[in-house]
Amino acid sequence: MNTLNNFSKITARTITDAASQFGTPLYLYDEKLILERCLACTSMPYAYGHVVRYAMKANSNRTILKLITDAGLHLDASSLNEVLRAKLAGIASDKIMLTTQETLDGNERSKLEELLLDGLKYNACSLHQLQLVGDFAAKNNIDIGIRIHPGVGSGESATRNTGDDYSCFGIHLSDLKEVNSYAASKGMKFKHIHVHIGSGADTTMWRKNIDLELKIIEDNFPDADTVSFGGGLKEARMPEEHAADVALLGSYAKMRVEEFFDRTGRKLKVEIEPGTYIVANSGYAITRLIDKKKTARTNFIITDGGMEINSRPLLYGSKHPVYIVSSDGNRVVSSEFNPSGFNFEAVIAGKCCESGDCQTLDMDGHAVARAMSEPLIGDIVVIGGVGAYCSSMAPYNYNSHVQAAEVLYTQAGDLELIRKRQTLEQMLENEI
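Quick summary incoming for the structure in this document. Everything quoted here is computed from the prediction, not taken from an experiment.

So, how was this worked out
- Residues numbered from 1 in each chain as written.
- Predicted model: local features only at pLDDT ≥ 70, side-chain atom pairs only at ≥ 80, totals over all residues.
- Heavy atoms only, no water.
- Phe/Tyr/Trp six-rings, centres within 6.5 Å; stacked < 30°, edge-to-face > 60°.
- Buried < 20%, exposed > 50% of the residue type's maximum accessible area, 1.4 Å probe, protein only.
- Lys NZ or Arg CZ within 6 Å of the ring centre and 35° of its normal.
- Core = buried A, V, L, I, M, F, W, Y, C linked by side-chain atoms within 4.5 Å.
- Contact = heavy atoms within 4.5 Å.
- Helix = DSSP H or I, 4+ residues; strand = E, 2+ residues; numbered from the N terminus.
- Polar contact = N/O pair within 3.5 Å; in protein donor to acceptor, adjacent residues only side chain to side chain.
- Expected span 1.5 Å × (residues − 1).

1. A closer look at the packing of aromatic side chains
Going through the model one piece at a time under the given rule, you end up with six aromatic pairs. Arranged with centres 6.4 Å apart and planes meeting at 5°, the rings of tyrosine 27 and tyrosine 29 form a pair that is stacked. With respect to class, tyrosine 27 is no different from tyrosine 29; both count as buried. Ring pairs connect the aromatic residues Phe7, Tyr284, Tyr323 and Phe337, which therefore count as one cluster. Its guanidinium or amino end placed over the ring of tyrosine 252, arginine 207 lies 5.7 Å from that ring's centre, counting from NZ or CZ. A cation sits over an aromatic face here: lysine 292 above phenylalanine 344, 5.7 Å from the ring centre.

2. Notes on the nonpolar core
Core analysis: the biggest nonpolar cluster contains 96 residues, and Tyr54, Ile64, Ile68, Ile144, Phe221, Ile278 and Val279 have the highest contact counts within it. Contacts of phenylalanine 221, omitting those with residues within four sequence positions, involve Ile146, Ile148, Leu176, Asn180, Phe190, Ile193, Ile216 and Arg266. Judged by nonpolar contacts, the second largest core, of 19 residues, contains Ile10, Tyr323, Val382 and Tyr409.

3. Observations regarding the side chain of arginine 37
Mapped onto the elements, arginine 37 comes out in helix α2 (residues 31-42). Take arginine 37: its relative accessible area is 19%, and that puts it in the buried class. Looking at arginine 37, its side chain comes within polar contact range of the main-chain oxygen of tyrosine 277, at 3.4 Å. Once you skip the residues sitting within four places of it in the chain, arginine 37 turns out to touch Glu235, Tyr277, Ile278 and Asn281.

4. Remarks on helix α8 (residues 203-220)
With 18 residues, α8 extends 26 Å from end C-alpha to end C-alpha; this agrees with the ideal 26 Å at 1.5 Å per step. Within the span of α8, buried status applies to Met205, Trp206, Asn209, Ile210, Glu213, Leu214, Ile216 and Ile217. If you follow the buried residues of α8, they end up packed against β6 (145-149), α7 (176-186), β8 (192-194), β9 (226-228), α9 (246-264) and β10 (269-272).

Put into structure tokens, the structure is as follows:
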């Protein structure tokens with residue numbers, strides 16, 4: 001066996017070549033798979049127009065941002081700095097939507113106003129946010145969108161549910177009367193309405209969100225011309241998981257939007273904001289097996305990259321596929337997409353001084369041994385599904401470890417360095 005799985009052309013030799021050229025641990029991204037996911041989203045059915053906004057918080061490397069926007073996607077930013085980061089990558093303001101928890105005032109509000117005049121789109125997520133920007137928006141005839149808190153949500157874990165009563169995102173339905181009253185006093189009209197219910201939401205909840213949001217618009221927002229159903233499209237990292245069917249969800253949204261037009265005479269453009277779906281399975285964390293240990297009950301394999309490159313198992317109990325590649329690059333020794341010859345069980349631990357530094361944790365934080373072919377010290381241990389919310393969210397300086405390098409495996413089969421490995425000096429340069 002030479003390839004890692006059934007959806008990528010990355011081979012054992014590709015993995016060892018990357019490790020040899022750039023060191024371990026490192027992130028490796030599959031350009032071809034990213035572009036395939038972009039095409040799946042831009043090709044989804046729609047009724048009266050649609051925009052796909054990549055949730056850049058999933059992975060905000062400038063090369064990744066350019067690759068995705070060049071494929072026709074716009075951006076969903078979650079902070080002013082994310083907007084500025086996208087601008088530094090050469091992406092136009094009118095391709096970016098800012099939906100944030102921040103209340104921007106002082107110099108930050110001045111920067112926001114400058115960006116709004118340049119075409120940035122802005123979602124108000126609270127009455128206070130709306131009031132901070134209301135006078136400026138009204139004076140300059142700039143449309144402000146709003147994010148609605150629907151009171152119901154769904155996610156792969158409680159911490160990824162962004163719509164229920166224990167989540168603080170958006171303006172709650174009970175505040176809509178006050179919000180609309182304020183907008184009327186300023187002569188503002190809400191044309192962009194947004195609801196995001198959570199990450200990894202199941203298909204049934206996604207359909208319910210479509211129905212709920214259209215009802216909210218029909219009842220409360222007569223001037224709306226754009227409906228954003230948010231992100232959270234589920235990706236299948238593990239062989240037994242099932243990804244969201246984007247075409248099927250698009251067909252359902254198209255049908256409901258057409259029914260909305262039949263009832264109201266209003267044509268709504270649709271937006272979605274995928275992040276995980278676009279980049280998750282494109283990413284691989286390449287680590288080297290540096291030690292092996294055991295207790296009375298458990299085998300451990302120790303790698304040179306753990307929670308500081310992928311904290312999702314520790315945060316969420318997330319499960320990622322594991323591949324073992326021989327140190328000489330001649331073969332994939334073990335792959336959960338082809339589990340023949342599994343004769344060993346082990347917990348995969350990193351080098352951090354933290355009991356939770358394991359890539360194989362359950363939802364309760366317990367280390368769980370995974371089946372694999374027994375590796376040797378020096379072999380390469382690859383963690384799959386790390387393209388989203390890993391490099392962008394990892395506690396990479398814990399124990400003074402440095403941020404890992406990032407490498408793009410191009411469609412032409414080349415390995416392109418897209419972020420250098422951090423140095424110790426860079427880690428310390430702001431200390432006084």
